[in-house]
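Geometric and topological summary
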Amino acid sequence: MKKIIFFLLLFPLISFSQKNEVEQNALKWFKGVYVENNFKDPYSFKLLKIFSIPQTTYETMRGDDVYPLLVDLGIDKNDENAIDTALMNITIQTYTDLIKGMWEGSEDRVKYLKRIEKAKVCKSKMVYLIKINLDKVLRNKLCRYAVYLDCYSNNSYGNKILGKFAFFYYPRPSLYYGLFHKYQYENFSVDEESIVKLNRE
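Here is a short report on the structure shown in this document. By convention here, each chain's residues receive numbers from 1 onward along its written sequence. Note on the predicted model: pLDDT of at least 70 is required for a residue's local features to be given, and 80 or more for side-chain atom pairs to be given and counted; whole-chain, interface and lining totals, by contrast, use all residues. Only hydrogens and water are set aside; all other atoms, that is, all heavy atoms of the structure, feed into the side-chain values.

So, the overall build of the protein
Within the protein one finds 6 helices and 4 strands. Going from N to C terminus, the protein has its helices and strands arranged as α-β-α-α-α-α-β-β-β-α. Relative accessible area decides the class of each residue, using a 1.4 Å probe on protein chains only: under 20% of the type maximum gives buried, over 50% gives exposed, and in between gives partly exposed. A buried classification covers 35% of the 201 residues belonging to the protein. Contacts are assigned to residue pairs that have any heavy atoms within 4.5 Å of one another. Sequence-distant contacts, at least 24 apart, represent 61% of the contacts inside the protein between residues at least 6 apart. Secondary structure elements are defined from DSSP: runs of H or I of at least 4 residues count as helices, runs of E of at least 2 residues count as strands, and each element is numbered from the N terminus.

Given below as structure tokens:
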């Protein structure tokens, strides 16, 4: 019983410690790479706050792969039935019915054909997401941390301005680890290997 209580007391400390290390590494990367390459006056950088939110594989794939397609198709992502392959089947059938009898090269037909393809892609991603949701281990596996950072820095006129930034940190065990190039600003993502290399420099 004492061992169980000790473990329960220790678990929040371990989680906090890991989260704190992520934030320290993320800050080191941000200052050493992003600030140096993008800020007008890197030496004026002053951190106000930094915090991170862990995201599971399920949360990541739902937000990155499925939600954008739902939005493009005009479907409310907050609808409790949004992630439903039956809904995609109805969407595909609706657009298929709409293009019947349309002239081959008409703008509407081309538009609806694109939506049909998007709905098919969305359906395939939903099938995979549902599969992940049924696998408790994979569903709850840590995928990344969303890191939020507020800071002050000087602009080109020397005026102090507030900057708010958000980016993703991918730890080594992540399903997405290694998919991003080192210091890829387009996705504003950084993986653990980038941090390791930065620590060696």
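Details of the pattern of salt bridges
Salt bridges are defined by distance alone: a side-chain nitrogen of Lys or Arg within 4 Å of a carboxyl oxygen of Asp or Glu. Applying the stated criterion across every chain yields a total of 7 salt bridges. Close ionic contact of Asp64 with Arg144 constitutes a salt bridge, the shortest N to O distance being 2.8 Å. Taken together, the residues span a long stretch of sequence, with Asp64 in helix 2 (residues 57-72) and Arg144 in strand 2 (residues 142-154) at a distance of 80 residues. Overall, Asp64 belongs to the partly exposed group, its relative accessible area being 33%. Under the relative-accessibility criterion, Arg144 is labelled buried at 3%. Between Lys111 and Asp108 there is a salt bridge; the shortest N-O distance is 3.9 Å. Here Lys111 pairs with Asp108, and both are found in helix 4 (residues 107-134), just 3 residues apart, close to one helical turn. Salt bridges sharing common partners tie together Lys49, Asp150 and Lys164.

Comments concerning the pairing of strand 2
By the criterion of burial, strand 2 is predominantly enclosed, with 10 of the 13 residues buried. Pairing between strand 1 (residues 41-56) and strand 2: 11 bridges, direction antiparallel. Residue pairing across strands places Gln55 opposite Arg144, the latter belonging to strand 2. When DSSP locates at least two bridges between a pair of strands, those strands are taken to pair. Relative to strand 3 (residues 160-170), strand 2 runs antiparallel, the two being bridged by 10 bridges. Directly across from Leu149, in strand 3, lies its bridge partner Phe165. Connecting strand 2 to the antiparallel partner strand 3 that follows it, the hairpin turn spans 5 residues, and Gly158 within it adopts a positive phi of roughly 85 degrees.

Focus on helix 2
Compared with an ideal rise of 1.5 Å per residue, which puts 16 residues at 22 Å, helix 2 spans 22 Å between its outermost C-alpha atoms and is within 8% of the ideal. In this scheme, the bend at a residue equals the angle between the axes fitted to the seven residues that finish there and the seven that begin there. Along its length, helix 2 shows its largest kink, about 40 degrees, at Val66, and proline Pro68 lies within four residues downstream of that point. Every buried residue of helix 2 is accounted for by Thr57, Tyr58, Thr60, Met61, Val66, Tyr67, Leu69 and Leu70. Positive phi appears at Gly74, one or two residues downstream of helix 2, with a value of about 80 degrees. Multiplying 1.5 Å by the residue count of a helix minus one yields the expected span of that helix.

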